[in-house]
Each structure stands twice: as C-alpha cells, then as structure tokens.
Amino acid sequence: MKVYTVHTHPGDADPMENAILIREGFNFWAFVFSGIWALYHRLWAAFFGLLGVSLICNLLIYVFDGGPEMDFALALATGIGFGLIANDLRRKKLTARGWKLVEIVAGPNENAAEHRFFDRLRGGQASYNNLQIAAPTPLSGSTQYP
C-alpha cells in the first residue's frame, strides 16, 4: 500500500475539485530526471540547488583528479538524495502557497487512494470542515488515518 497526502486550496469555490495527492517516500522520477522534474513542478530553488550541487561535484572531481567512477558516484548520491526529498519539497511549496494538508490516505495506486478519500468524504466518515481543523497524522491520533 502506498501512502498519499491530500492537499486542497481553501480559496477555491470547491476545494475538493482541485485536490492534489502527493505520494510519501522516494520519488523515482525525481531520481532519474532530477533537474527536469524540478522544472516541471516549478521548484525553482530546488533546480538551482541541483545546479549548485552539480557545480560543486564537478569541482570536487577536478580537485581530486577523479575519474568517471567518482563522477558516477557523486551523480548517484545526488540523485538518490533528491529522490528522497522531492515530494517533501512539493509539499512545502504547496503549504507556502496556502494549500492545506487535509488527509492522509493509502491505496495500491494514486487513483485508488483518491477514490478512497472521496468515498470517505461522501460516506460521512469525514467532512471538509473536520479535515481543516487538524492535520491528520498518525501521531495526532486522527481516526481518519487508515
């Protein structure tokens, strides 16, 4: 089961219409296409941070007279590191723009998690007003957590 956080923008007429689900954990596509992924999601600071890390890595390779093995190792470490924090960077950007974390759901894929979230909303287990009061996390003891 994959775990997703659900984010809504309270300024929308229907906040649930534009809900965004972001998966918890490692992001494979951010690992493989780090810079392109950051640009696609308009994470400008992350993109320029990746450029800076790349320049530092190239400088280290030059200073220590490293070969292709060192280049590969540094690129791999940078990609893994970015893949680990990529989804958190998206969440931070959404929070800075006024989006609210309203739910945490689990499902075998994003579509199933989205259906589960909306089924809960319609089924009376959760309402949008209740979701805004407290950010549902496993530590807060929220009953909505699967």
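The residue count restarts for each chain, going from 1 along the sequence in the order it is written. Per-residue local features of the predicted model are confined to residues with pLDDT of at least 70, and side-chain atom pairs are confined, for both listing and counting, to 80 or more; whole-chain, interface and lining totals are unaffected and use all residues. The basis for every side-chain value is the complete set of heavy atoms in the structure, and neither hydrogens nor water enter the calculation.

Below, the discussion takes up the layout of surface pockets. Put simply, the grid is 1 Å and covers the protein atoms alone, a cavity is a trapped set of points that fit a 1.4 Å probe, a pocket is an open set with protein on both sides within 12 Å along at least five of seven lines, and lining residues have an atom within 4 Å of a point. Grid points are joined across faces, edges and corners, and a volume is the space filled by probe spheres set on the points. Considering only enclosed or pocket space, the largest pocket measures out at about 270 Å³ in volume. In terms of lining residues, the largest pocket is bounded by 14 residues, among which Arg-23, Asn-27, Asn-87, Arg-90 and Glu-110 are the most central. Every helix listed is a DSSP run of H or I at least four residues long, and every strand listed is a run of E at least two residues long, numbered separately from the N terminus. For the lining of the largest pocket, the secondary-structure elements that each account for two or more residues are β2 (20-23), α1 (28-32) and α4 (68-96). Each residue belonging to the lining of the largest pocket can be placed in one class, and the counts come to eight nonpolar, three polar and three charged. Considering only enclosed or pocket space, the second largest pocket measures out at about 200 Å³ in volume. Surrounding the second largest pocket, 14 residues form its lining, Leu-50, Val-53, Ser-54, Ala-75 and Thr-78 being those nearest its centre. Classification used: nonpolar for Ala, Val, Leu, Ile, Met, Phe, Trp, Tyr, Cys and Pro, charged for Asp, Glu, Lys and Arg, polar for all others including Gly.

Below, the discussion takes up the UniProt feature "transmembrane region" (unreviewed entry) in the protein chain. UniProt positions are given in the numbering used here, feature names are shortened, and annotations may be inferred rather than shown by experiment. UniProt feature "transmembrane region" (unreviewed entry): in the numbering of this structure it lies at residues 20-40, 47-64 and 70-89. End C-alpha atoms of residues 47-64 are separated by 26 Å, and the span's content is 94% helix alongside 0% strand. End-to-end, the C-alpha atoms of residues 70-89 are 27 Å apart, and along that stretch the chain is 100% helix and 0% strand.

Pairs of strands are assigned from DSSP output, requiring at least two bridges between the strands. An order of β2-β1-β3 is seen for the three strands of this open sheet, with the pairing classed as antiparallel. Of all strands in the sheet, those bounded by a partner on one side alone are β2 and β3 (100-107). When strand polarity is set aside, the average angle formed by the axes of neighbouring strands in this sheet is 30°. In this structure, strand β1 (residues 2-8) lies alongside β2, joined through four bridges in antiparallel fashion. Within the sheet, the bridge partner assigned to His-7 lies in β2 and is Ile-20. Across the sheet, α4 lies against β1 and β2, angled at about 150° from β2, the strand it touches most. Contacts are assigned to residue pairs with any non-hydrogen atoms lying within 4.5 Å of each other. Axis angles are defined between N-to-C directions and span 0 to 180 degrees, where every axis is a line fitted to C-alpha atoms and, for a helix, only to the segment in contact. Packed on one face of the sheet, helix α5 (residues 110-123) meets β1, β2 and β3 and runs near 120° to β3.

Now for the side chain of Glu-103. Its place among the elements puts Glu-103 in strand β3. Think of a polar contact as two N or O atoms within 3.5 Å of one another; within protein, one of them needs to be a possible hydrogen donor and the other a possible acceptor, and neighboring residues in sequence only count if both atoms come from side chains. At 2.9 Å, the side chain of Glu-103 and the side chain of Arg-120 are in polar contact.

Moving on: the pattern of salt bridges. A pair is scored as a salt bridge if a Lys or Arg side-chain nitrogen falls within 4 Å of a carboxyl oxygen belonging to Asp or Glu. With the rule as written, the count across this model stands at four salt bridges. Residues joined by salt bridges that share partners form a network here, namely Glu-24, Asp-88 and Arg-91.

Take Ser-34: it is sitting in helix α2 (residues 34-40). Residue Ser-34 is classed as buried on the basis of its relative accessible area, which comes to 15%. A polar atom in the side chain of Ser-34 sits 2.8 Å from the backbone oxygen of Ala-30. The cut-offs for exposure are 20% and 50% of the maximum accessible area for each residue type, with area from a 1.4 Å probe on protein chains only; residues under the lower value are buried, those over the upper are exposed, and the others partly exposed.

So, on to a nonpolar patch on the surface. Residues Phe-26, Phe-28, Trp-29, Val-32, Phe-33, Ile-36, Phe-72, Leu-76, Ile-80, Leu-84 and Ile-85 make up a contiguous nonpolar surface patch of roughly 1,100 Å² in combined accessible area. Contributing elements (two or more residues each) for the nonpolar patch: α1 and α4. When residues in the nonpolar patch are grouped by element, the largest group, five residues, is from α4. Tracing the backbone through its elements, the reader meets Ile-80 in helix α4. Classification of Ile-80 by relative accessible area gives partly exposed; the value is 37%. Within this analysis, patches are made of residues with over 30% relative accessible area and no salt bridge. Like charges are joined at 9 Å or less; nonpolar side chains (Val, Leu, Ile, Met, Phe, Trp, Tyr) at 5 Å or less. The accessible surface values rely on the Shrake-Rupley method and a 1.4 Å probe; as for residues, cover is taken only from the protein chains in view.

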